[in-house]
Amino acid sequence: MTKMMSSVDTKKAVQIIQNIAKIPYIYEDSYLMNEFQAVIQRLQDTSFRIAIVGEFSSGKSTFINALIGKDILKHGVQETTATITEIVNDQGGERAEILFSDGTVKNLSSFDDLAEYTATSSKHHKVADEIVKVILHTSVLSFSGPVVFIDTPGLNGIADKHREKTLDIIQKSHACIYLLQKRGLGDSDTDFIKLLTKYQQQFLFVQNFIDTLQESEGETPTEKVSSQKKLLDNILKDCPGVSYQIVGVSALDALRAQDATVDTQENSEAERKKIYHDSNFDCVKRAIDDMVQENRKNSQQQRTAISVAIQRLKLAAGILETGKEQAQKDWDMSAEGQSQKKRGEIVQLLRKNMPVYKNKISNYITSESSRIERQISNVALERIEKVASEMENSIDGYTQIDALRQYMQANRLSTVINSKTADIEDYIDRRVQQAYTHLYQNMILQVQAYSGHAADIKILDFKQQPISFINEKFVLQDDEEIKNLEKEMEAEKVKKRNMENDDTQTRSQQKNLKVQKQKLQDINQRLENDFSRKRSYLGQRPDVERKSREETYYRKRTGLFSGITNAIFGDKKDTRTVYYEDSSRRDQWDNEYRKLLNDYTGKKGDLDRKCREIRSQEIYLENYLKKIVDNKKQIDNNIKVLKNQIEMQKELLQKQEQANRKKFLIKLKSQIKSSIKIYFSEASENIRDSIEKACASHLRQVESLGLQYYEKVIQLRIKFLEKNESEKAQPVTQTYQINQQKLNQAITELEALI
């Protein structure tokens, strides 16, 4: 049973590695120092770090969003994450930290504006240059614990050093989640997984896109996962200590079920629960729980880190052995130390031979490049010929013309050919990159072995030169005459559907006008009734009335003494009856009637105007409907004519087919295979030019870096000889031996800990 590693064991392992890093040979080699620093960081890191790896088209960002339960990170073919993103399992709520390259840190209380700091489409930041990484704090797992998920840049981005950044993250992580594309594992995956096993021993492989499998064609999630597991068993059979799980999921469905903003179909809560269940994403959560528990139980992250350190120590010991052998050769050829003059002659010889060896290196790289170009071109042509042959054989396998026609009408051949050519392009592109990477590494090793020295190695950063065979997808041409007739008929049907929609809309408008007209008639009737009622209420027009009133007036007195009386008392006051005509009631009646008539006339005028407008619209719609009916008749006639022409053409083909089905089947097969040959012939022509350009670009870069490295190593060799001109070679050999003993002792002590 594996024992649990204590904190004392971990500190001891760190101390052993730190002591080894003090050896001059180690700390002068930046590559080894970086490796050991990464191991120390992994040992001292109390959190469990899980790297998430996958190509752009593997759905990595969607997978991480599904883990979080929200659509946070940008995803899609064109949108890529431009910086490292860490997701910390934190039950304390959502927040984010933006770490800028100038050392400043910005805190965000929500993820709303996260794209401005992570995506290549940011409008305010040059994300790749300005931002080191983004740390998201949110609840990911059902339990609290120091678990960190790291979104790696990806495996496709050669030009952006994505591959090197991904490896650096994996070196500092404790486990790995590897996402597979819909097609499953490819050749490039195989090579990269084997490379990852040098740094990781715990893997969770996720077969994404199970929702897109064609179960009607025999593709089921269970069978897909089973087939990928067999491939993984074969890949990892020679990788002791590696453990893995594989699950099939639909990350998109899991995200849709958790985030309603992604659910374009507006499913109910119950429907989203079923979508989440069918996505199988709970298997991912359980597998992550298993990895965390396994790590807690067996200190897996510490053991894996120590295993990596042991591998690197063995590598360093091997290089020291080469150096020791070279030092011994120097001693042997020096005739017991030789003289200072002899060492000076060696230095002069090294300087003199530099142009010669640089020329040899250039010739070697050029020769190997030509070999790589020929080899990859042959492989590409073989694959193209193989696919072409497979496609032709698949056509030859049909014995019934009906089955072949059905196969072609479903465009299945086009789909298969386009998919296979895309796979070839991807395979050859990676083959070119790998071949020149190996060429560069072999050249470095040869220079190191020759000189017994090593120097800092520049990372090979190829200028992206994608391989492309053809410009267009494969499309088989059907019978043009029938195809054109069917297009015409479909166009006429579209016209007819539009006319029918117009007809429906016009009749609906007529119905609305009828309703409006009836409403106006009802209003008019109410207006007439209201006018009659009010007119009746007014009654008959009153006549002018004759009225009388008593009126006071003054008059002169009459009589004998009237003069005296008038003079004394004035005129005499008297009364009299006055008659007059009163027209006020009639005037009032006239005013009220005038108001009533004006109101009635105004409303009646408005109603009459609206009725005229409705009638005008009715006449327009009646004429428009008549035009629609006429057009529909014409379209129906056109469709009938085209249908008859198509039927006649098909009948002609059927008669030809029936006359000699075997001959017609052979003719159809010949037509299809001819299209296949033309397509792959163009691919073969284009492949040579594409590979030649890619190889020429990589050759220039490898040659330039190779010559620079050779010059640097020789200068170090000369410096070494000049420094030790007065010393014997034997003590130098002893130094190599002492350092080797230290490395071997460290390896033994570390192996005892795990």
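As the structure is a computational prediction, the values presented were derived from the model and not from experiment. Sequence order sets the numbering: in each chain, residues are counted from 1 along the sequence as written. For this predicted model, a pLDDT threshold of at least 70 governs which residues receive local features, and a threshold of 80 or more governs which side-chain atom pairs are given and counted, while totals over whole chains, interfaces and linings are taken from all residues. Calculated side-chain values reflect all of the structure's heavy atoms, with hydrogen atoms and water omitted.

(A) Expanded view of the pairing of strand β5 (residues 131–138). Only protein chains enter the accessibility calculation, which uses a 1.4 Å probe; a residue is then buried when its area is under 20% of its type maximum, exposed when over 50%, and partly exposed in between. For helices the rule is a DSSP run of H or I covering at least 4 residues; for strands it is a run of E covering at least 2, with both sets numbered from the N terminus onward. Among the eight residues of β5, six are classified as buried, and the element is accordingly described as predominantly covered. Pairing analysis gives six bridges linking strand β2 (residues 84–89) to β5, with the strands arranged parallel. Across the sheet, Asn-89 pairs through a bridge with Thr-138, a residue of β5. Bridging between strand β3 (residues 95–100) and β5 involves six bridges; their strand directions are antiparallel. Across the sheet, residue Arg-95 finds its bridge partner in β5, namely His-137. The rule for pairing is simple: two strands pair if DSSP sees at least two bridges between them.

(B) Examining the pattern of salt bridges more closely. For this document, the term salt bridge refers to a Lys or Arg side-chain nitrogen within 4 Å of an Asp or Glu carboxyl oxygen. Summed over all chains, the structure comprises 34 salt bridges. In this structure, the salt-bridge partner of Arg-183 is Asp-189, at a minimum N-O distance of 3.8 Å. Here Asp-189 falls in the buried class, since its relative accessible area comes to 6%. Its salt-bridge partner being Asp-233, residue Lys-229 comes within 3.4 Å of it at the nearest N-O pair. Note that Lys-229 and Asp-233 are positioned in helix α9 (residues 221–235) at a spacing of four residues, about one turn of the helix. A single network of salt bridges, built from pairs that share partners, joins Lys-517, Arg-615, Glu-618 and Glu-622.

(C) Region of the structure containing a nonpolar patch on the surface. Surface patches are defined over residues having more than 30% relative accessible area and no salt bridge, joining like charges when they lie within 9 Å and nonpolar side chains (Val, Leu, Ile, Met, Phe, Trp, Tyr) when within 5 Å. Computed with a 1.4 Å probe, the accessible areas rest on the Shrake-Rupley method; for each residue, only the protein chains presented here act as cover. Taken together, the side chains of Leu-560, Phe-561, Ile-564, Ile-568 and Phe-569 present a nonpolar region at the surface, about 650 Å² in accessible area. Within the fold, Ile-568 resides in helix α18 (residues 562–569). Overall, Ile-568 belongs to the exposed group, its relative accessible area being 57%.

(D) Geometry of the packing of aromatic side chains. Only the six-membered ring of Trp is used, alongside the rings of Phe and Tyr, when aromatic pairs are assigned; centres must lie within 6.5 Å, and planes under 30 degrees apart are stacked while those over 60 apart are edge-to-face, with the rest tilted. For the coordinates displayed, the defined rule picks out eight aromatic pairs. Look at Tyr-620 and Tyr-624: their rings are 6.1 Å apart centre to centre, the planes differ by 10°, and that puts the pair in the stacked class. Taken as a pair, Tyr-620 and Tyr-624 lie in helix α19 (residues 584–659) at a separation of four residues, close to a single helical turn. Taking the relative accessible area as the measure of exposure, Tyr-620 reaches 54% and is therefore exposed. For Tyr-624, a relative accessible area of 28% translates into the label partly exposed. A connected cluster of aromatic rings, assembled from ring pairs, spans Tyr-178, Phe-203, Phe-205 and Tyr-244.

(E) Examining the sheet that holds β5 more closely. Strand order in the open sheet formed by nine strands is β4-β3-β5-β2-β6-β1-β7-β8-β9, and the pairing between neighbours is mixed. The open sheet has two free edges, formed respectively by β4 (105–108) and β9 (243–248), since each of these has just one partner strand. Strand after strand, the sheet turns through a mean of 20° between neighbouring axes, direction not considered. With six bridges connecting them, strand β8 (residues 202–207) and β9 associate as parallel partners. By the bridge assignment, Phe-205 is partnered in β9 with Ile-246. Any two residues whose heavy atoms approach within 4.5 Å at even a single point are treated as in contact. Helix axes are fitted only over the stretch in contact, all axes being lines through C-alpha atoms; the angle between N-to-C directions runs from 0 to 180 degrees. Docked against the sheet, helix α8 (residues 187–196) engages β1 (48–53), β7 (175–180) and β8, running at close to 175° with respect to β7.

(F) Local environment of the packing of helix α4 (residues 60–68) against helix α10 (residues 251–258). Relative orientation of the contacting elements α4 and α10 amounts to 40°, with a least axis distance of 8 Å. Along this stretch, α4 crosses α10, giving a crossing that reads as left-handed. Contacts between α4 and α10 involve Thr-62, Phe-63, Asn-65 and Ala-66 from the first element and Ala-251, Leu-252, Ala-254, Leu-255 and Gln-258 from the second. Basically, the charged four are Asp, Glu, Lys and Arg, the nonpolar ten are Ala, Val, Leu, Ile, Met, Phe, Trp, Tyr, Cys and Pro, and anything else, Gly included, counts as polar. Taken together, the residues of the contact of α4 with α10 sort by class into six nonpolar, three polar and no charged. Note on convention: near helix rotated counterclockwise from far helix by under a right angle means a left-handed crossing. Clockwise means right-handed.

(G) Representation of the packing of α10 against helix α11 (residues 269–279) in the model. Viewed as axis vectors pointing N to C, α10 and α11 meet at an angle of 155°, and their least axial separation amounts to 8 Å. Regarding the angle of α10 to α11, the classification is roughly antiparallel. Crossing of α10 against α11: the hand is left-handed. Listed contacts from α11 to Asp-253, Ala-254, Arg-256, Ala-257 and Gln-258 of α10 are Arg-272, Ile-275, Tyr-276 and Ser-279. In the contact of α10 with α11, the residues fall into four nonpolar, two polar and three charged. Any angle that falls under 35 degrees is termed roughly parallel, while one over 145 is termed roughly antiparallel, one within 65 to 115 roughly perpendicular, and all others oblique.

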